[in-house]
Amino acid sequence: MFSHGRPDPGMVLAQALGVRSNGEKVPLAPMISSGNREVLQSMMTIHRELHSPRASAFCAEIAERVAGEEDLRDVEQVELSMSTFDAVAYFEDAEAATERDIRVSCEVRR
Amino acid sequence: MMPHRWWLRGAPAERLAVLRIIVGLYGLIYLLIRTPHLLSYALDEIPRFQPVGIVTLAETPTLPWVYRVLVVITLILAGAFLLGYRHRFLAPVYAGMLLWVLTYTNSWGKILHTDNLLVLHVGILALTRSADVLSFDAQQARAKRDLPSHYGWPIKLMAAVCALVYLLAGIAKIRNSGFALAEGETLRNYIAFVNVRKIELGSAHSPIGVALLAFPSLFQGLGWFSLVLELGAPAAVLSHRLGKWWSWSVWGFHFGVLLLMAIGFVYQLTMVAFAPFFHVEKLLDWGPIARRLPQNLQRTPETAQTDESE
């Protein structure tokens, strides 16, 4: 594992976020974002779907799963983002170390 | 000692059989726990299908219901392998099915390497005489004990395969980035990277790993430790004593990975991966097991003495 050098703490990640009614953004768990328990499998699924013509349909599928989840009842919107992080600085000030490029968003219909 | 003599040096049939039981029990429990995960790949989404390994033999996903049936069959075969039932015929089928099912789960975009060693160990045990004793086949006289030379080399092969996995990981690091890992910064960035990724993908991360990011010099030592273990892996196969030390050290490495990155290599953390480096037949002498063994399977002090001298 980890055979490549990583001299830079920068990283880019495709992710699925839920937007709560107060505007807070929460990362969605793998079972919600991709219907899979495996974190890395989920990451690949989001990345591929986000860059495919069916990104909007994928977002709607996630929104459907969010709608069925009691813990996410105040999530009103789903966003698919290509996010950039400074992984080390993230743990000092997560907001300052994060840049999100929202590519697709969709409403959660209940 | 000449290499071929070293390779063919015998071992008690019980050692190979106990390895089959340990690896078999792990495989059965692992598959049972992972059944919901395995079944989640009963998909017919052709665009998502990216076959790897033997799964490339088919161009499209297996029909979901067929896949589900194959997962169930693999579970049943895992039980037969553990019990040593019709080993010569069913064990190779189990090894093939396990390879196929686990490869299939890796054929949807992300290849995970965590199961590789389990599959290789099952393959070796399935194709050798690991059910000559302590098995259904032995009880029903379908298999019988042979010369010790039949039981030694498969165990050495299991140990060699285990060491090879780590050696290849070490070579890959050197080839891709020289000794960057040993400089500490790369490992620190990886630990930060993995923990951010877990948080941002809605999973559990390691607060310990995050807390230790404040001590950059620590990662230099950890980087050297992992490189030495990986590149020194072949030595563990050649010396029994070194093999035991290496196994516990690699276990420590994986425990560190669990603590710092919340990544669990279960086959390694349970020590099952390193069982070929130990005289596992001694477990048969352990009170709770020894009391339940039939008289003809109990080890005599003479047998135990012979094993000790190897």
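Computed from a prediction, not measured in an experiment: that's the story for all the values here.

Novice: Residues and numbers for the overall build of chain B, please.
Specialist: What chain B contains, in helices and strands, is 15 helices and 0 strands. Taken over the C-alpha trace, chain B has a radius of gyration of 21 Å; the compact-globule value for 310 residues is 19 Å, and the two agree within 12%. On the principal axes, the C-alpha backbone points of chain B span a range of 60 × 50 × 40 Å. Going through the 310 residues of chain B one by one, you find that 50% of them count as buried. A separation threshold of at least 6 residues defines the contact pool for chain B, and within that pool the share at least 24 residues apart is 76%. As displayed, chain B has an accessible area near 14900 Å², and 68% of this comes from carbon and sulfur atoms. Between the mean site of the 26 positive side-chain charges and the mean site of the 18 negative ones, chain B shows a separation of 3 Å.

Novice: Give a description of helix α4 (residues 87-105) of chain B that names residues and reports values.
Specialist: Here α4(B) contains 19 residues, and its C-alpha end-to-end distance of 26 Å stays within 8% of the 27 Å for a straight helix at 1.5 Å per residue. All of the buried residues in α4(B) are B:His87, B:Ala91, B:Tyr94, B:Ala95, B:Met97, B:Leu98, B:Trp100, B:Val101, B:Leu102, B:Thr103, B:Tyr104 and B:Thr105. Elements that come into contact with the buried residues of α4(B) comprise α2 (39-50) of chain A together with α2 (13-39), α3 (64-83), α5 (116-127) and α6 (136-139) of chain B.

Novice: Kindly report on the sheet that holds strand β3 (residues 75-86) of chain A, identifying the contributing residues and their values.
Specialist: Residue and element names in this part refer to chain A. Taken in spatial order, the 4 strands make up an open sheet running β2-β1-β3-β4, and their pairing is antiparallel. In this open sheet, the two strands that pair with only one neighbour each are β2 (25-27) and β4 (98-107). Adjacent strand axes in the sheet meet at a mean angle of 35° when their direction is disregarded. Both strand β1 (residues 10-20) and β3 contribute to a ladder of 11 bridges, which runs antiparallel. Its bridge partner lying in β3, Gly18 is registered against Val78. Across the face of the sheet, helix α3 (residues 55-67) comes into contact with β1, β3 and β4 while running at roughly 120° to β3.

Conventions adopted
- Residues numbered from 1 in each chain as written.
- Chains lettered and ligands numbered in written order.
- Predicted model: local features only at pLDDT ≥ 70, side-chain atom pairs only at ≥ 80, totals over all residues.
- Heavy atoms only, no water.
- Helix = DSSP H or I, 4+ residues; strand = E, 2+ residues; numbered from the N terminus.
- Rg over C-alpha atoms; globule rule 2.2 N^0.38 Å.
- Buried < 20%, exposed > 50% of the residue type's maximum accessible area, 1.4 Å probe, protein only.
- Contact = heavy atoms within 4.5 Å.
- Areas by Shrake-Rupley, 256 points an atom, 1.4 Å probe, with all protein chains shown as cover.
- Lys, Arg positive; Asp, Glu negative; His and termini not counted.
- Charge placed at Lys NZ, Arg CZ, Asp CG, Glu CD.
- Expected span 1.5 Å × (residues − 1).
- Pairing = 2+ DSSP bridges.
- Axes fitted to C-alpha atoms, helices over the stretch in contact; angles between N-to-C directions.

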